[in-house]
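Given next are the chains, with one letter for each unit.
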Amino acid sequence: MPLTPARRRGVERLDEPGVAPADRVRSLRDVARSNTLFGGRRAVLREVERALRECGPQGSLLDVGTGLADIPAGAARRARRRGLALTTIGLDRAEELVREARRRVDAVVVGDALHLPFADASVDVVTCSQLLHHFAEPEARILIAELDRVAVRRVVIGDLRRSWLAAGLFWLAAWPLRFDPITRHDGVLSVLRGFTAGELRSLVRDATGGAATVRRGAGWRLTAAWTPQRRAPA
């Protein structure tokens, strides 16, 4: 059996219509805890902190697919330590998650990640954590292009590195951590819908025409970060 399986196309339960709002929020709490325990949150915030160095005394950050807004909340704390006033915005398509996120960010938006309701080059830093793997490659390229369109200084994507071993270890860890059944199912499938470093790099190149710095992190995590290339009008 190869160490890296072919990318799966299954449907995660949280992506199915009719999921109860309480189940969605409970599972996203598990996801936030998983990101903290297994390195996803730390990997994204490390890239965000690099981007914040390019901002002046004020900056803005949009987190696409924000869930419970753990990423922008962590970014705001790091910005405060640097003396930077960071305005944080969380976007998600699920209204119940936006209501939960409202307490942790300065502004919230219910919106479609594939059609971001923001002007070109309107936000300093745009982040997207654990969302890209939900999409097949054509839609993933659209999402990446939208992130690139909106960002001024930096785009940061965090996602999962596909691996049989990672999927198996998540399944085993989910039981003592008392993760919800939806989380156990979706977590394994998420890993198998993840990317290799080369695949993530190619997706960014295809969507934007530019190159991303792709880094591997602990817990089978990947980050891709790049500065948008602004094209002169024709």
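Preceding this paragraph is the structure being described.
(A) Structural detail: the overall build of the chain. Scanning the chain from terminus to terminus reveals eight helices and seven strands. In terms of overall dimensions, the chain is globule-like: its C-alpha atoms have a radius of gyration of 17 Å, near the 17 Å expected for 234 residues. Taken along the three principal axes of its C-alpha coordinates, the chain extends 45 × 35 × 35 Å. Expressed as a percentage of its 234 residues, the buried residues of the chain come to 54%.

(B) Spatial organisation of the layout of surface pockets. Of the voids in this model, the largest pocket is the one considered here, and its volume is about 990 Å³. A per-element tally of the lining of the largest pocket places helix α1 (residues 21–38) first, with eight residues. Taken together, the residues of the lining of the largest pocket sort by class into 21 nonpolar, 15 polar and 10 charged.

(C) Main features of the packing of helix α5 (residues 137–150) against helix α8 (residues 197–208). Two elements in contact, α5 and α8, have axes separated by 8 Å at closest approach and are oriented at 65 degrees. For the crossing formed where α5 meets α8, the hand is right-handed. Contacts between α5 and α8 involve E137, A140, R141, I144, A145 and D148 from the first element and L203, V204, D206, A207 and T208 from the second. Within the contact of α5 with α8, the residues separate by chemical class into six nonpolar, one polar and four charged.

(D) Fine view of the sheet that holds strand β5 (residues 151–160). Read across the sheet, seven strands follow the order β3-β2-β1-β4-β5-β7-β6 without closing on themselves; strand pairing throughout is mixed. Single-partner strands in this sheet number two, and they are β3 (107–110) and β6 (213–217). Across the sheet, the mean angle separating the axes of adjacent strands is 20 degrees when strand polarity is ignored. Pairing of strand β1 (residues 58–64) with strand β4 (residues 123–129), which is carried by four bridges, proceeds in the parallel orientation. Paired with L62 across the bridge in β4 is V126. Taken strand by strand, helix α3 (residues 70–81) contacts β1, β2 (85–92) and β4, and its axis lies near 175 degrees from that of β2. Relative to the sheet, α5 contacts β1, β4, β5 and β7 (221–226), its axis offset from that of β5 by approximately 150 degrees.

(E) Structural context of a nonpolar patch on the surface. On the surface, a nonpolar cluster with roughly 530 Å² of combined accessible area is contributed by L165, L169, W171, L172 and W175. In this structure L169 comes out as partly exposed when scored by relative accessible area, which is 40%.

(F) Region of the structure containing unusual backbone geometry. With a phi close to 65 degrees, A69 is a non-glycine residue in the positive phi region. Tracing the backbone shows A69 in the loop between β1 and α3. Judged by its relative accessible area of 0%, A69 falls in the buried class.

(G) Structural view of the side chain of T208. As for its placement among the helices and strands, T208 is situated in helix α8. In terms of polar contacts, T208 uses its side chain to reach the backbone carbonyl oxygen of V204, at 2.8 Å. A polar contact is formed between the side chain of T208 and the backbone nitrogen of G210, at a distance of 3.0 Å.

How each quantity is defined
Residues numbered from 1 in each chain as written. Predicted model: local features only at pLDDT ≥ 70, side-chain atom pairs only at ≥ 80, totals over all residues. Heavy atoms only, no water. Helix = DSSP H or I, 4+ residues; strand = E, 2+ residues; numbered from the N terminus. Rg over C-alpha atoms; globule rule 2.2 N^0.38 Å. Buried < 20%, exposed > 50% of the residue type's maximum accessible area, 1.4 Å probe, protein only. 1 Å grid on protein atoms, 1.4 Å probe; cavity = no way out; pocket = protein on both sides within 12 Å on 5 of 7 lines; lining within 4 Å. Points joined across faces, edges and corners; volume = space filled by probe spheres on them. Nonpolar A, V, L, I, M, F, W, Y, C, P; charged D, E, K, R; others polar. Axes fitted to C-alpha atoms, helices over the stretch in contact; angles between N-to-C directions. Left-handed = near helix turned anticlockwise from the far one by under 90°. Contact = heavy atoms within 4.5 Å. Pairing = 2+ DSSP bridges. Patch = residues over 30% accessible without salt bridge, like charges linked within 9 Å, V, L, I, M, F, W, Y side chains within 5 Å. Areas by Shrake-Rupley, 256 points an atom, 1.4 Å probe, with all protein chains shown as cover. Salt bridge = Lys/Arg side-chain N within 4 Å of Asp/Glu carboxyl O. Polar contact = N/O pair within 3.5 Å; in protein donor to acceptor, adjacent residues only side chain to side chain.

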